[in-house]
Amino acid sequence: MRKYYTRPCNFYYGNYASYLVKIKKALPLAGRTNISFDQLEIFERKKGKKTKSHLYSVNEIKKLNKDLKNIVSNDLKKITRKRNSISKIKFDNPHIMGVLNITPDSFSDGGLFFDEQKAYKQAESMINAGASIIDIGGESTRPGSKVVEESEEWQRIESTIKSLKKNFSNIILSLDTRKSYVMQKGIDVGINIINDVSGLNFDKKSFNLINLKKIPFVLHHMQGTPDTMQNNPKYDDALLDIFDFFEEKIQFFLKNKYKKDFIIIDPGIGFGKNLEHNLRIISKISTFHSLGCPILIGTSRKRFIEHIVTKFDTPDRTGGTVASVLYGLLQGVQLFRVHNVKEINQGILVFNKILNTN
């Protein structure tokens, strides 16, 4: 566990962001030309005490004590480094991952696309609406859900994956599964990315498989398991505990010669987190840039929206989803996992246009 953590903040956008980098008044975020920053929030935590934070301009780094300066300087290298493409996805602009749950019991769309034809049509619709990635899952991981037998999980999704690979050869397909058996089957038919909500903790064979196949994956955080994760989740500091989880995992992968450039991180909103935890993570999500990996966030239709809006809740929670996506956009998040692709894409396109207009 670290003592200090570095969060880039005070962001600039568009041509002005590039200008500030050019005159050395700001630093680029993740190698991008259209977003830069000139301040850092440094978190300091001590065992048994509340986390403290201090704001510094990037020009004040040289004035820090030696140990802290070394940590921050190392973090800054990761924060500013350009993210390499993953499965032809470039991270200089935001991308949408469309959710395709081929299950009878997912939390918001269970049963809607359980039929093979409906699943394919939904994927086609999301692709046409601007999704760069389709994330296909055959097992619900909603709170309280139970494990599905691996052969049944694969049977649910097999034909849809094969049809999409045949008819949309350029689309990136992500496989949402915790099981190495399903991962192997998916890889054999052309899956591009593995998305494991357990962080590769559910099936101990999973890491060896993706390492052998050198396939990119989403490193997702979840406290507990789907059937227990919302039973009073606890953290010392949700943001920093999850950062430690990611950093430890990444170090393990590097020791086992798995390329860091293959890793996307997802803090797992709603997976073993209450409202306070979720808001802490989302509000300070730019902290994860100091891990040096692209960031994915899935806030779509999540229950934390209902907890905020109470009587103004709606079935699709589109307004709350858009709000959280646009906040993530301002923090430099590169990937957004959503259900309503067209509406979210519309919001991103309009927001980006306004943001990057002089």
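See the structure printed just above.
Nothing here was measured: the structure is a model prediction, and the numbers come from that model.

**Q** Lay out the overall build of the protein chain with the relevant residues and their values.
**A** From N to C terminus, the protein chain includes eleven helices and twelve strands. Over its C-alpha trace the protein chain gives a radius of gyration of 20 Å, about what one expects of a compact globule, namely 21 Å for 358 residues. Viewed in the frame of its principal axes, the protein chain has a C-alpha envelope of about 60 × 45 × 45 Å. Counting every position in the protein chain, which comprises 358 residues, the buried fraction comes to 56%. Sequence separation of at least 24 residues holds for 68% of the intrachain contacts in the protein chain that already meet a minimum separation of 6.

**Q** Summarise a nonpolar patch on the surface; cite the residues concerned and give the values.
**A** Together, Tyr16, Tyr19 and Ile23 make up a nonpolar patch on the protein surface, roughly 310 Å² of accessible area in all. In this structure tyrosine 16 comes out as partly exposed when scored by relative accessible area, which is 46%.

**Q** Tell me about the nonpolar core, and name the residues and values.
**A** Counting 69 residues, the largest nonpolar core has Ile134 and Phe288 as its most contacted members. At nine residues, helix H7 (residues 238-255) tops the list of elements feeding residues into this core. Here phenylalanine 288 is in contact with Leu239, Ile242, Phe243, Phe246, Ile265, Pro267, Ile281 and Ile295, once residues within four sequence places are set aside. Phe11, Ile35, Leu64 and Leu68 belong to the second largest nonpolar core, which has 16 residues in total.

**Q** Before we move on, could you go through the packing of aromatic side chains and cite the residues and values that matter?
**A** Counting across every chain of the model gives 16 aromatic pairs. One residue, arginine 178, lies across the ring of phenylalanine 202, its end atom 4.4 Å from the ring centre.

**Q** I'd like a rundown of helix H8 (residues 275-283), residues and numbers included.
**A** Along H8, the positions that sit buried rather than exposed are His277, Asn278, Ile281 and Ile282. Down the axis of H8, the buried side of the element spans an arc of 125°, and every buried residue falls inside it. Residue asparagine 274 occupies the N-cap position of H8, its side-chain oxygen lying 3.1 Å from the main-chain nitrogen of glutamate 276.

**Q** Would you mind going over the environment of asparagine 232 in detail, with residue names and values included?
**A** Along the chain, the position of asparagine 232 falls in the loop between strand E9 (217-220) and H7. Taking the relative accessible area as the measure of exposure, asparagine 232 reaches 56% and is therefore exposed. When the C-alpha positions of asparagine 232 and serine 125 are compared, they lie 38 Å apart, and in sequence the two are 107 residues distant.

**Q** I'd like to hear about the side chain of serine 198, residue by residue, with values.
**A** Take serine 198: it is sitting in the loop between strand E8 (193-196) and helix H6 (206-213). Classification of serine 198 by relative accessible area gives buried; the value is 7%. A distance of 3.0 Å separates a polar side-chain atom of serine 198 from the backbone nitrogen of phenylalanine 202. Among residues more than four places away in sequence, those in contact with serine 198 are Arg178, His220 and Met222.

**Q** Go over the packing of H7 against H8 with me, naming the residues and quoting the values.
**A** To characterise two packed helices, one gives the angle between the axes of the helices and the distance between these axes. In the contact formed by H7 and H8, the axes pass within 8 Å of each other and the chain directions differ by 70°. Judged on the interaxial angle alone, H8 and H7 are roughly perpendicular. Contacts between H7 and H8 involve Ala238, Leu239 and Ile242 on the former and, on the latter, His277, Arg280 and Ile281.

**Q** Pulling in residues and values, what's your account of unusual backbone geometry?
**A** Peptide bonds are trans in most cases, and residues, glycine excluded, mostly fall at negative phi. The phi dihedral of alanine 30 is positive, around 55°, even though this residue is not glycine. Of note, alanine 30 is situated in the loop between strand E2 (27-28) and strand E3 (35-44).

Each value, and the rule that gives it
- Residues numbered from 1 in each chain as written.
- Predicted model: local features only at pLDDT ≥ 70, side-chain atom pairs only at ≥ 80, totals over all residues.
- Heavy atoms only, no water.
- Helix = DSSP H or I, 4+ residues; strand = E, 2+ residues; numbered from the N terminus.
- Rg over C-alpha atoms; globule rule 2.2 N^0.38 Å.
- Buried < 20%, exposed > 50% of the residue type's maximum accessible area, 1.4 Å probe, protein only.
- Contact = heavy atoms within 4.5 Å.
- Patch = residues over 30% accessible without salt bridge, like charges linked within 9 Å, V, L, I, M, F, W, Y side chains within 5 Å.
- Areas by Shrake-Rupley, 256 points an atom, 1.4 Å probe, with all protein chains shown as cover.
- Salt bridge = Lys/Arg side-chain N within 4 Å of Asp/Glu carboxyl O.
- Core = buried A, V, L, I, M, F, W, Y, C linked by side-chain atoms within 4.5 Å.
- Phe/Tyr/Trp six-rings, centres within 6.5 Å; stacked < 30°, edge-to-face > 60°.
- Lys NZ or Arg CZ within 6 Å of the ring centre and 35° of its normal.
- Arc of directions from axis to C-beta.
- Polar contact = N/O pair within 3.5 Å; in protein donor to acceptor, adjacent residues only side chain to side chain.
- Axes fitted to C-alpha atoms, helices over the stretch in contact; angles between N-to-C directions.
- Parallel < 35°, antiparallel > 145°, perpendicular 65-115°, else oblique.

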